[in-house]
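# Commentary on secondary and tertiary structure
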Amino acid sequence: MSTELLTTSLSILLHGLVATLLLSAASIVGGTLIGLLAAVLRSFGPWGSARVAKLYTELFRGTPVLITLMFIYFGVSYFGYAIDVFAAGVVGLSVYQGAYIAEVFRSGIEAVPEGQWEVSQILGLGKTQTFFSVVLPQTGKIVLPPLIGQYLSLIKDTSIVSMIGLSELMHGGQAIVDRVGKPVEIYGLVAVLYFVVCFPLSQWVRHHDRRSLLS
Amino acid sequence: MTTSIGSKPVINLNGVSKSFGATKVLKEINLEVRPGEVLVLIGASGSGKSTVLRIMAGLETADSGEVWVNDVPLHDVRRAKEIRGHVGMVFQQFNLFPHKTALGNVTLALIKARKMSAVDARKRAMDVLDRVGLADRAEHYPSQLSGGQQQRVAIARALAVEPGIMFFDEATSALDPELVGEVTEVMRGLARDGMTMVVVTHEMGFARKTADRVVFMDKGVIAEQGVPEEIFVTPQNERTKQFLHRVLDH
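Residues numbered from 1 in each chain as written. Chains lettered and ligands numbered in written order. Predicted model: local features only at pLDDT ≥ 70, side-chain atom pairs only at ≥ 80, totals over all residues. Heavy atoms only, no water.

## What to know about the overall build of chain A
The secondary structure content of chain A amounts to 8 helices and 0 strands. Order of helices (α) and strands (β) in chain A, N terminus to C terminus: α-α-α-α-α-α-α-α. Projected onto its principal axes, the C-alpha coordinates of chain A cover approximately 70 × 50 × 25 Å. When burial is assessed residue by residue, chain A has 45% of its 215 residues classed as buried. A total accessible area of about 11100 Å² is found for chain A, and carbon and sulfur atoms account for 69% of it. (Helix = DSSP H or I, 4+ residues; strand = E, 2+ residues; numbered from the N terminus. Buried < 20%, exposed > 50% of the residue type's maximum accessible area, 1.4 Å probe, protein only. Areas by Shrake-Rupley, 256 points an atom, 1.4 Å probe, with all protein chains shown as cover.)

What follows is the structure in structure tokens.
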């Protein structure tokens, strides 16, 4: 690969990387909020809402993320509205990953012993107070490694949003290959950029896992 | 015990039954506890003694019968919540909040449920931690404390809300033998101070020395009850004799 091609490609790809990072960050926030809500409803919600939360997690865990994205992007225009492709990406990834994140939170909530709820009840704490002051802080330690793992998977899933036309990292790579070819070099470069973002996170998870095994 | 015992019961169980699935764990239990009384429940595992305690504390609901605790009808689902924050309970597994220091464990309910200021809550917490001999461990996390110390923090946390009654559910069963003494010592101190206590325990020494009344439970019924001397020296019921023979001669 010539130096000129490398620098031009890099400038296009870095531009795409910014979009990837923004999409990831917004979807991580959205997915975490949706996941936490679904986990809480499924564990403590009244009967009807627990069922809806269960249906939600099962539905999205059982369908490909691309289908979710297509449904949101084209579904909205089907009903006569327009949705920005970035917004469609954020909504699609948040809703899709929220289903997995809900299961991460649910296993964390269930790992907190029943005795913590019982003693809180005796001490006069309400259910909501117990959840936020006693249970949720304890789940942090349990859910953080799998949660980061889920975030990693979300970051990689952003590449699929290129399919509905968002100019993120993957889309940038495709655009270059379409013009100059050299798919091996260009996609190799794209892969390196994803890796540079994801590797520190996966290292952190490994480090954290080893530490909690030791403690 | 030399402390005076009031006459009007603070706990009154009237014909209380409870089943878990097809298993009847309590059959028509009648039991009264008077203010200042130290009642010790003994019996084999599965005899129903922990269930009686958990019903009194509002953690389980009786299937039938009446349960009055501190003038709250626990059998009435609409009013059962009123008991929360007015009794204390100490569990076998301590149930300390692992993410809070000893001080934080004690102050949490004072601040969140009682709406005390952080300053007042801290002062109250230091008082009760001092009472269980752990004022110097206030900033330690549960994981940095021995089992005996953890259970004493749990007692301090229960005392901080100034409960009318203290329940102990096998509070020393999870402790190494050499750590049992420091916990039973704190419990004896509470009994001397006139605290109403219902204690489920396997520590027969504690039952004998500290109880005002001992209740022996067997297969979901109260088989025999009386002052410690009666139960331990001259038991009448054949099941009581067998049980004491098993736990005392090993």
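## Digging into a nonpolar patch on the surface
Residue and element names in this part refer to chain A. A contiguous nonpolar patch, built from Tyr78, Phe79 and Tyr81 and spanning about 490 Å² of accessible area, is present on the exposed surface. Here tyrosine 78 shows up in helix α3 (residues 65–78). For tyrosine 78, a relative accessible area of 71% puts it in the exposed group. (Patch = residues over 30% accessible without salt bridge, like charges linked within 9 Å, V, L, I, M, F, W, Y side chains within 5 Å. Salt bridge = Lys/Arg side-chain N within 4 Å of Asp/Glu carboxyl O.)

## With respect to the packing of aromatic side chains
Evaluation of the coordinates by the stated rule reveals 9 aromatic pairs over all chains. When the centroid spacing of 5.2 Å and the interplanar angle of 55 degrees are considered together, the rings of phenylalanine 44 of chain A and tryptophan 117 of chain A count as tilted. Taken as a pair, phenylalanine 44 of chain A in helix α1 (residues 3–44) and tryptophan 117 of chain A in helix α5 (residues 114–122) lie far apart in primary sequence, 73 residues in all. The exposure class of tryptophan 117 of chain A is buried, given its relative accessible area of 16%. The interplanar angle of 40 degrees and the centroid separation of 5.2 Å between the aromatic rings of phenylalanine 216 of chain B and phenylalanine 243 of chain B together place this pair among those described as tilted. Of this pair, phenylalanine 216 of chain B sits in strand β9 (residues 213–218) while phenylalanine 243 of chain B sits in helix α8 (residues 238–248), and the two are 27 residues apart along the sequence. Phenylalanine 243 of chain B shares its class with phenylalanine 216 of chain B; the two are buried. Directly above the aromatic system of tyrosine 100 of chain A lies the positively charged group of arginine 61 of chain A, at a separation of 5.9 Å from the ring centroid. In this structure, arginine 157 of chain B is placed above the aromatic ring of phenylalanine 97 of chain B, and the distance from its NZ or CZ to the ring centre is 4.6 Å. (Phe/Tyr/Trp six-rings, centres within 6.5 Å; stacked < 30°, edge-to-face > 60°. Lys NZ or Arg CZ within 6 Å of the ring centre and 35° of its normal.)

## Looking at the interface of chain A and chain B
Each partner contributes to the interface: chain A provides 15 residues, whereas chain B provides 24 residues. Each partner contributes to the roughly 1700 Å² buried at the junction of chain A and chain B, and carbon and sulfur atoms together form 63% of this total. At the boundary of chain A with chain B, the tally comes to 1 salt bridge. Where arginine 54 of chain B meets glutamate 118 of chain A, a salt bridge forms, and the shortest distance between an N and an O atom there is 2.6 Å. Summed over the shared surface of chain A and chain B, the result is 7 residue pairs in polar contact (both at pLDDT 80 or more). Residue assignment for the side of chain A that touches chain B shows that the elements contributing at least two residues are α5 and α6 (127–157) of chain A. Ranked by residue count, the leading element in the side of chain A that touches chain B is α5 of chain A, at 7 residues. (Contact = heavy atoms within 4.5 Å. Buried area = accessible area lost by both parts, 1.4 Å probe. Polar contact = N/O pair within 3.5 Å; in protein donor to acceptor, adjacent residues only side chain to side chain.)

## A few points about α6 of chain A
Under the 1.5 Å per step criterion, the end-to-end length of α6 of chain A is only 36 Å for 31 residues, more than 12% shorter than the ideal 45 Å. When the local axis directions of α6 of chain A are compared, the greatest deviation, roughly 55 degrees, occurs at valine 143 of chain A, which is followed within four positions by the proline proline 145 of chain A. (Expected span 1.5 Å × (residues − 1). Bend = angle between axes of the 7 residues up to and from the residue.)

## A closer look at the sheet that holds strand β1 (residues 11–20) of chain B
Residues and elements named next belong to chain B. The strand order β2-β1-β4-β5 describes an open sheet built from 4 strands, whose pairing is antiparallel. Where the open sheet ends on each side, the last strands, each with one partner, are β2 (23–33) and β5 (72–73). One ladder, built from 2 bridges, connects strand β4 (residues 64–69) with β5; its direction is antiparallel. Residue pairing across strands places valine 69 opposite valine 72, the latter belonging to β5. (Pairing = 2+ DSSP bridges.)

## Let's talk about the pairing of β4 of chain B
Residues and elements named next belong to chain B. Bridge count for β1 against β4 is 5 bridges, and the pairing is antiparallel. Residue pairing in the sheet places leucine 13 in a bridge with valine 67 of β4. Connecting β4 to the next strand, β5, in antiparallel fashion are 2 residues, including asparagine 70 with a positive phi near 50 degrees.

## Topic: the environment of isoleucine 122 of chain A
Within the secondary structure layout, isoleucine 122 of chain A lies in helix α5. Discounting chain neighbours no more than four positions away, the residues touching isoleucine 122 of chain A are Ala57, Leu59, Arg84, Gly85, Val87, Gly88 and Met89 of chain B.

## Things to note about the environment of glutamine 242 of chain B
All names here are of chain B. Note on placement: glutamine 242 falls in helix α8. Of the residues examined, glutamine 242 reaches a relative accessible area of 38% and is grouped as partly exposed. Distance from glutamine 242 to leucine 13, taken between C-alpha atoms, is 27 Å for residues 229 residues apart in sequence.

## Details of the sheet that holds strand β10 (residues 221–226) of chain B
Residues and elements named next belong to chain B. Strand order in the open sheet made by the 6 strands is β6-β7-β8-β3-β9-β10, with mixed pairing throughout. Of all strands in the sheet, those with a lone pairing partner are β6 (87–90) and β10, marking the two edges. Direction aside, neighbouring strands of the sheet carry axes that sit 15 degrees apart on average. Where β6 meets strand β7 (residues 165–169), 4 bridges bridge the pair, whose relative direction is parallel. (Axes fitted to C-alpha atoms, helices over the stretch in contact; angles between N-to-C directions.)

## Points about unusual backbone geometry
Although it is not a glycine, lysine 182 of chain A sits at a positive phi angle of roughly 50 degrees. Topologically, lysine 182 of chain A is positioned in the loop between α7 (169–180) and α8 (183–214). Here the phi dihedral of phenylalanine 94 of chain B falls at roughly 65 degrees; this positive angle occurs in a residue that is not glycine. Mapped onto the elements, phenylalanine 94 of chain B comes out in the loop between β6 and α2 (102–112). Residue classification places phenylalanine 94 of chain B among the buried residues on the basis of a relative accessible area of 11%.

## Thoughts on α7 of chain A
Residue and element names in this part refer to chain A. Helix length check: α7 (12 residues) gives 17 Å between terminal C-alpha atoms against 16 Å at 1.5 Å per residue, within 8%. Turning to α7, its buried residues number three or more, namely Leu169, Gly172, Gly173, Ile176 and Val177. The buried residues of α7 occupy one face: seen down the axis, they fall within an arc of 135 degrees. For α7, the exposed residues set more than 90 degrees away from the buried face come down to Asp178 and Arg179. At the N-terminal end of α7, a side-chain oxygen is found 3.1 Å from the backbone nitrogen of methionine 170, two or three residues along, and the residue is glutamate 168. Just downstream of α7, glycine 181 is the residue with a positive phi angle, here 75 degrees. (Arc of directions from axis to C-beta.)

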